[in-house]
Amino acid sequence: MLLMTLIAATLAVAQPAPVLDAAATLVAPGEPRRVVLDGRSWSCGPDGACVARGRGASQPVLRECRRFVARFGAVTRYERDGVALSQAELATCNTAAAA
């Protein structure tokens with residue numbers, strides 16, 4: 001029994017962390033909310049951290065970011081498939097918040 005417990009514990013530690021499909025951090029956090037946008041299920045917490053699951057629509061990342069910003073507000077970070085946008089790309093993306 002002890003051996004089985006040790007094996008289960010080892011396997012639990014050895015599992016890689018789940019990879020998020022997309023993530024963002026809002027400039028102005030608000031109430032927690034869940035929204036499906038372009039095929040991704042977004043969940044935003046009260047601290048402004050947003051995570052998404054799902055493949056999403058096939059579109060350029062800047063377009064996806066602008067659509068996110070138009071719905072949620074300006075961001076300080078946006079990433080998709082583990083690659084974060086640069087500061088210049090974020091500035092372009094955040095123009096959708098002003099529109």
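Since the structure is predicted, the reported quantities are computational estimates derived from the model, not experimental observations. (Residues numbered from 1 in each chain as written. Predicted model: local features only at pLDDT ≥ 70, side-chain atom pairs only at ≥ 80, totals over all residues. Heavy atoms only, no water.)

### Looking at the sheet that holds strand 4 (residues 49-53)
Sheets are built from strands that pair by backbone hydrogen bonding, the pairs being arranged parallel or antiparallel.
Thinking step 1. Strand order in this open sheet of six strands is 2-3-4-1-5-6, and the pairing throughout is antiparallel. With one partner strand each, in any of the chains shown, strand 2 (33-37) and strand 6 (83-84) form the two edges of the open sheet.
Thinking step 2. The sheet contact formed by strand 2 and strand 3 (residues 40-44) spans five bridges and is antiparallel. Note that in strand 3 the partner of Val36 across the bridge is Ser41. (Pairing = 2+ DSSP bridges. Helix = DSSP H or I, 4+ residues; strand = E, 2+ residues; numbered from the N terminus.)

### Digging into the environment of Trp42
Thinking step 1. Mapped onto the elements, Trp42 comes out in strand 3.
Thinking step 2. Given a relative accessible area of 2%, Trp42 falls into the buried group.
Thinking step 3. For the pair formed by Trp42 and Arg53, sequence separation is 11 residues and the distance between their alpha carbons is 6.8 Å. (Buried < 20%, exposed > 50% of the residue type's maximum accessible area, 1.4 Å probe, protein only.)

### Some points on the pattern of salt bridges
Thinking step 1. Counted by the stated rule, this structure contains four salt bridges.
Thinking step 2. Of the charged contacts, one joins Asp38 and Arg67 as a salt bridge, the two residues approaching to 2.5 Å between their closest N and O atoms. Placement of Asp38 in the loop between strand 2 and strand 3 and of Arg67 in helix 2 (residues 61-72) is noted, with a sequence separation of 29 residues between them.
Thinking step 3. For Asp38, a relative accessible area of 21% puts it in the partly exposed group.
Thinking step 4. Arg67 sits in the partly exposed class, given a relative accessible area of 34%. (Salt bridge = Lys/Arg side-chain N within 4 Å of Asp/Glu carboxyl O.)

### Considering the packing of aromatic side chains
Thinking step 1. Inspection of every chain in the model, using the stated rule, returns five aromatic pairs.
Thinking step 2. Ring centres of Trp42 and Phe72 lie 6.5 Å apart, and the angle between their planes is 55°; this geometry places the pair in the tilted category. Residue Trp42 is located in strand 3, and its partner Phe72 is located in helix 2; the two are separated by 30 residues in the primary sequence. Phe72 carries the same exposure label as Trp42, and that label is buried.
Thinking step 3. Aromatic side chains Phe68 and Phe72 sit 4.4 Å apart centroid to centroid with 20° between the ring planes, which places their arrangement in the stacked category. (Phe/Tyr/Trp six-rings, centres within 6.5 Å; stacked < 30°, edge-to-face > 60°.)

### Things to note about the pairing of strand 4
Thinking step 1. By the alternation rule, side chains of strand 4 split into Cys50 and Ala52, which are all buried, and Ala49, Val51 and Arg53, of which none is buried.
Thinking step 2. Both strand 1 (residues 22-26) and strand 4 contribute to a ladder of four bridges, which runs antiparallel. Each residue of the ladder has a partner; that of Ala23, found in strand 4, is Val51.
Thinking step 3. Sheet topology places strand 3 next to strand 4; four bridges connect them, and they run antiparallel. By the bridge assignment, Ser43 is partnered in strand 4 with Val51.
Thinking step 4. Hairpin remark: strand 3 followed by strand 4, antiparallel, with four residues in the connecting loop; positive phi at Gly48, about 90°.

### Things to note about the confidence of the model for the protein
Thinking step 1. Looking at the protein, the pLDDT average stands at 84 and 79% of residues meet or exceed 70.
Thinking step 2. Across the protein, element-level confidence peaks in strand 5 (residues 75-80) with a mean pLDDT of 96 and bottoms out in helix 1 (residues 2-14) with 53. (pLDDT = per-residue confidence, 0-100.)

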